[in-house]
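Next come the chains, spelled out residue by residue.
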Amino acid sequence: DAKTTQPPSMDCAEGRAANLPCNHSTISGNEYVYWYRQIHSQGPQYIIHGLKNNETNEMASLIITEDRKSSTLILPHATLRDTAVYYCIGYSGNTPLVFGKGTRLSVIA
Amino acid sequence: GAVVSQHPSWVICKSGTSVKIECRSLDFQATTMFWYRQFPKQSLMLMATSNEGSKATYEQGVEKDKFLINHASLTLSTLTVTSAHPEDSSFYICSARGTISGEKLFFGSGTQLSVL
């Protein structure tokens, strides 16, 4: 799995957009960019994934650079319940997910 | 999305006893299940991979005789921590991939094990 680099922590004001960056410069052509989050004392929750094109679902948007070396997860209107650790993972589907340290997002009222 | 149920949510046991954790895929057939362990303020660490009907594959440093994994059906995998010791206290999480999830992995809610 591709190694990813994320900032250890970020703050975001409630109601504002949260933009979480991820560098994955070693990602290979068949590896998707997956995002999961883990709220304290719970199992990880799938958010979104993409290969080349930007993606959007009911939870978030994923913006992937054209060279696929980095991406940004966007939570359009962060709420207190979005406080969690967010993991960006390069994943081809043939192996387990390997988790890095992620970004601890704190949404502040 | 697909539902993975993990039971129990938490368990306290005495040192030397064995504890079984169950992981069930409720609405899909899980051809592959993964078991992770997470210590406080750390990330998830993969322990083992199990395919239905096959022996589990353990990550380096994980004792297969201590952490027994059974994946006898397409909807159930179990992790048994044998002769548990205080250092085995951790948050254990299962995940599953299968017939409707594609490449996506869905995770159970985790089991907090405390060994006294």
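For the structure, see preceding data.
Below: a short report on this structure. Keep in mind that this is a model prediction, so the values were computed, not measured.

Calculation notes
- Residues numbered from 1 in each chain as written.
- Chains lettered and ligands numbered in written order.
- Predicted model: local features only at pLDDT ≥ 70, side-chain atom pairs only at ≥ 80, totals over all residues.
- Heavy atoms only, no water.
- Helix = DSSP H or I, 4+ residues; strand = E, 2+ residues; numbered from the N terminus.
- Rg over C-alpha atoms; globule rule 2.2 N^0.38 Å.
- Buried < 20%, exposed > 50% of the residue type's maximum accessible area, 1.4 Å probe, protein only.
- Contact = heavy atoms within 4.5 Å.
- Areas by Shrake-Rupley, 256 points an atom, 1.4 Å probe, with all protein chains shown as cover.
- Lys, Arg positive; Asp, Glu negative; His and termini not counted.
- Charge placed at Lys NZ, Arg CZ, Asp CG, Glu CD.
- Salt bridge = Lys/Arg side-chain N within 4 Å of Asp/Glu carboxyl O.
- Patch = residues over 30% accessible without salt bridge, like charges linked within 9 Å, V, L, I, M, F, W, Y side chains within 5 Å.

**Concerning the overall build of chain B**
And then number 1: Each helix and strand in chain B was counted, giving zero helices and 11 strands.
And then number 2: Going from the N terminus to the C terminus, chain B shows its helices and strands as β-β-β-β-β-β-β-β-β-β-β.
And then number 3: Here chain B has a C-alpha radius of gyration of 13 Å; the compact-globule value for 116 residues is 13 Å, and the two agree.
And then number 4: Dimensions of chain B, computed from C-alpha atoms along their principal axes, come out at roughly 40 × 25 × 20 Å.
And then number 5: Scored against the burial criterion, the 116 residues of chain B give a buried share of 50%.
And then number 6: The contacts in chain B between residues at least 6 apart in sequence include a share of 55% that link residues at least 24 apart.
And then number 7: Accessible area of chain B: about 5600 Å², with a carbon and sulfur share of 51%.
And then number 8: Side-chain charges in chain B split into 10 positive and 9 negative, and the spacing between the mean points of these groups amounts to 3 Å.

**A closer look at the pattern of salt bridges**
And then number 1: Under the counting rule described, the total for this entry stands at four salt bridges over all chains.
And then number 2: A salt bridge links D82 of chain A to R37 of chain A; the nearest nitrogen and oxygen atoms lie 2.8 Å apart. Separated by 45 residues along the polypeptide, D82 of chain A in the loop between β7 (70-75) and β8 (84-91) and R37 of chain A in strand β3 (residues 32-38) bring together distant segments of the chain.
And then number 3: By relative accessible area, which is 12% here, D82 of chain A ends up buried.
And then number 4: The partner of K64 of chain B in a salt bridge is D65 of chain B, with the nearest N and O atoms 3.9 Å apart. Side by side, K64 of chain B and D65 of chain B carry an identical accessibility label, which is exposed.

**Remarks on a nonpolar patch on the surface**
And then number 1: On the surface, W10, I12 and L116 of chain B cluster together into a nonpolar patch covering about 400 Å² of accessible area.
And then number 2: Exposure remark for I12 of chain B: the relative accessible area of 51% places this residue in the exposed category.

Read these as layout, nothing more, since geometry by itself doesn't imply function.
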